[in-house]
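Here are the chains, one letter per residue:
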Amino acid sequence: VVSSTRTEAAATALEHALDEATLDGFVRQHRDRLIQLARLVCLDQSDAGDAVQAAFEQAWRHRAALDDRGRLRPWLDRIVVREAIRIDRRRRSPLARFFGGPREIPPELVDARATPDPTMTAVRIAYEQLPADQRAVIALHLHLGYTIAETATIVGAPLETVRSRLRHGRERIRQALEEDPR
Amino acid sequence: MTTTWTDDRLDAEIQRFLGLRSHDVPEHPSVAQITQAMRADGGRRPDLRGRAHRVVPALVTAALIAALAASLVWVGAQRRATETPRPSVTPHEPDLSGWTTFDTEIGALSWLRIPDRVLKPGIFETPDGFAAFTDGFAVGTAWSVDGPVLGRDYVGQIPVTGYEESTDGRTWEAAAPPVPGRGPLRHIRVGQDHWVWSVSDGTAWRSSDYRDWVEVDLPDSAPPTDDLEWGLLLGRPIVGDSTTVIPMAESAPLPWNELLGVEGEPTLQRGGRVVIDGRIYPVRVEQRGSVAALVDADTGRDLLALDGVTFDLGTFRSGLQGGAEGRVERHRLLVVEGDRVEAIEPDWAPGTAVGWTGERFVAVRHLAPQTPDDEGGGSGVWESTDGRTWSHLGLPEGLHESSDPTSELLDGTEASLSAPLVLIRRAPGAVDSVIYGSDDGQSWRQLSATAGAVFSLERGLVSIRPPDISHSDDGVAWTEVTTRPGAMAGEPWFGAPPYRAGPETIVVPTEPGVSWLTWLLRFEADR
């Protein structure tokens, strides 16, 4: 687990985070992390931008509903993750596929020559084949450091469901690594 | 050997991967864009990406808005009809609803702004306006939409369908193709003539007026085996005194699942990896005499070996190309003299730039070595006076080696440039250009580099990268062409490289799928 999420110094800043005067600083503080998170879930740079944009707008509209300022970061992450999953599902819908909406894949993720590490390539291929909700729990738990319980709250799923998604995701990646003929 | 992945080790590798994927952050949406939308209380930023699933609802919304606007206009018109007429007001901004001509430092320049999705890809000028063969492969950008092949295929060919014509470039109508070709059709200008050919069966026609067509007797272009989906592509013609040469490529994708003998569709991963039944093989392609083999790069074991004799590839110069995404290819040169068309196989390899000095044809290839033993990397200079017989002059000097074969050899003499030959090098799908000049095709000097796509026009070289247009008389010094306000300035551009629609007409396309505007630029002849 990379880091804890509750130890951010956000709590003090949050007292002023969601008002007009400090809006730029608030967005600047969270934008990069949210885009990275959204991209890990929906695999698309442009869609990730859309998800983050939508998340910030939702956060702004519903800022009055946030009673626990110390929970701002997971609150934002929850909105972004759900938005990213929703966008991913919409993109994979028969209608979207019929119209063939172009899917932008960041070059460094496309070209195996840019990631010559075979382990990383195997992980990448397996990770990208996971359903978005499995990618979400992996990203939240293993990358952002949320506990299983926190992850369950963020994705809005029962604890066992999150454990199951995590287990299935890990197994798919493990299988890819074990079959990688390095 | 199978490695055991413990939970901790597995998590560490996943975390390492997730960290690698998070190392950079795109610029958009910017902080300013986000806060602007937030301050608008949830207002959405402009949807510049134009995905279809967003475009459809957007179109419905736009239709409703348009209906409302039309109603308002109608009501306004009814009211104005009863009012005293007012003097008309000259608009400050130019009218961009049709062709608008500006005087620039390099002469008159006409602009046409066209809504995206109206303009067909791969358009070309005809005596009656414009046309586009949209049945086949047109210039543009294509993506692998889904599935495990997450590749961005920017080679520039999009499968599209139909044939359409337009008198003004803005309104298009489906029409019957001008020739009775089967399957995908494509068009090129060969001097003053139009050529149209069928990609799939190699039949071709030519016309000087785009009305009366004569079938061209193209040399045999049959595939080496019936199993292959054969396609014919013609390159940019190079017009000499009495002879025109046209690079010709015939190719087919390899039917991997049949050749590999696996059930279902094997997954090819860009960059030399192949996934067969969920197992990943890093692969390389080896050419051993007449055998082209797809080799497991780790074990050295042949995954697939194509015997050139068995597969009748022996006469094909290239065998397998493109690594794991292999194709069978044959490259020849059409030599056109009047009505006579013949095909030769020159000594130089495919991807060689060919030009005309005013006296002779010159072919230049300047690729970096692929292996330590590959001296010169297939580089060379060849010359020919008749387009049929080519002499090897040696290696080009002064050209920076390139890893891609995309170059265009322009006729510097015609463009009144300081060098008889001008070489434009541009990476596939890119816009930036490096310009080299040469007197003899062997000794080269870099004249300049520009951030635009460079075209040789009557008035010299023009570099286009919206909203900037630059001009050069000598390929060395570039002058920005001032355009009137309201033209391309300020328009965001995500476009594919501009391409030529006619001798003096350039299309500046948007990225396919982006709901924005495409530009047609016509550099008028008068100066």
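Read on for an overview of the structure. (Residues numbered from 1 in each chain as written. Chains lettered and ligands numbered in written order. Predicted model: local features only at pLDDT ≥ 70, side-chain atom pairs only at ≥ 80, totals over all residues. Heavy atoms only, no water.)

1. As for the overall build of chain A
Counting secondary structure elements, chain A contains 10 helices and zero strands. Moving toward the C terminus, one meets the helices and strands of chain A in the order α-α-α-α-α-α-α-α-α-α. Here chain A holds 182 residues, and 60% of them are scored as buried. Of the contacts formed within chain A by residues at least 6 apart in sequence, a portion of 71% connects residues at least 24 apart. Roughly 7,400 Å² of accessible area belongs to chain A as shown, and the carbon and sulfur atoms make up 52% of that amount. (Helix = DSSP H or I, 4+ residues; strand = E, 2+ residues; numbered from the N terminus. Buried < 20%, exposed > 50% of the residue type's maximum accessible area, 1.4 Å probe, protein only. Contact = heavy atoms within 4.5 Å. Areas by Shrake-Rupley, 256 points an atom, 1.4 Å probe, with all protein chains shown as cover.)

2. Comments concerning the nonpolar core
In this structure, Y127, I138 and I173 of chain A are the most contacted members of the largest nonpolar core, which totals 60 residues. Here I138 of chain A is in contact with Y127, L130, H143, L166, G169, R170 and I173 of chain A together with I14 and L18 of chain B, once residues within four sequence places are set aside. In terms of nonpolar packing, the next biggest core, distinct from the first, is built from 16 residues, F455, I469, V481 and F523 of chain B among them. (Core = buried A, V, L, I, M, F, W, Y, C linked by side-chain atoms within 4.5 Å.)

3. Side note on the packing of helix α2 (residues 23–42) of chain A against helix α2 (residues 31–39) of chain B
Close contact between α2 of chain A and α2 of chain B brings their axes to 9 Å; oriented N to C, the two are set at 125 degrees. The orientation of α2 of chain A with respect to α2 of chain B, classified from their angle, is oblique. For α2 of chain A against α2 of chain B, the interelement crossing comes out right-handed. Where α2 of chain A abuts α2 of chain B, its residues L23, D24, F26, V27, R28 and R31 of chain A lie against V31, I34, T35, M38 and R39 of chain B. Along the lines of polarity and charge, the residues of the contact of α2 of chain A with α2 of chain B split into six nonpolar, one polar and four charged. (Axes fitted to C-alpha atoms, helices over the stretch in contact; angles between N-to-C directions. Parallel < 35°, antiparallel > 145°, perpendicular 65-115°, else oblique. Left-handed = near helix turned anticlockwise from the far one by under 90°. Nonpolar A, V, L, I, M, F, W, Y, C, P; charged D, E, K, R; others polar.)

4. Structural notes on α2 of chain B
Quick reminder: α-helices carry 3.6 residues per turn. Residues three or four places apart thus point the same way. Residues and elements named next belong to chain B. Every buried residue of α2 is accounted for by V31, I34, T35, A37 and M38. Burial along α2 is one-sided: seen end-on, the buried residues are contained in an arc of 160 degrees. The outward face of α2, more than 90 degrees from its buried face, is lined by the exposed residues A32 and Q36. (Arc of directions from axis to C-beta.)

5. Digging into the side chain of Q134 of chain A
Looking at the element boundaries, Q134 of chain A is found in helix α8 (residues 132–143). Taking relative accessible area as the criterion, Q134 of chain A reaches 12% and is therefore assigned buried.

6. With respect to helix α1 (residues 7–20) of chain B
Its 14 residues give α1 of chain B an end-to-end C-alpha distance of 20 Å, which sits within 8% of 20 Å, the value for a rise of 1.5 Å per residue. If you check which residues of α1 of chain B are buried, you get L10, D11, E13, I14, Q15, F17 and L18 of chain B. Next to the buried residues of α1 of chain B lie α2, α7 (118–129), α8 and α10 (159–179) of chain A. (Expected span 1.5 Å × (residues − 1).)

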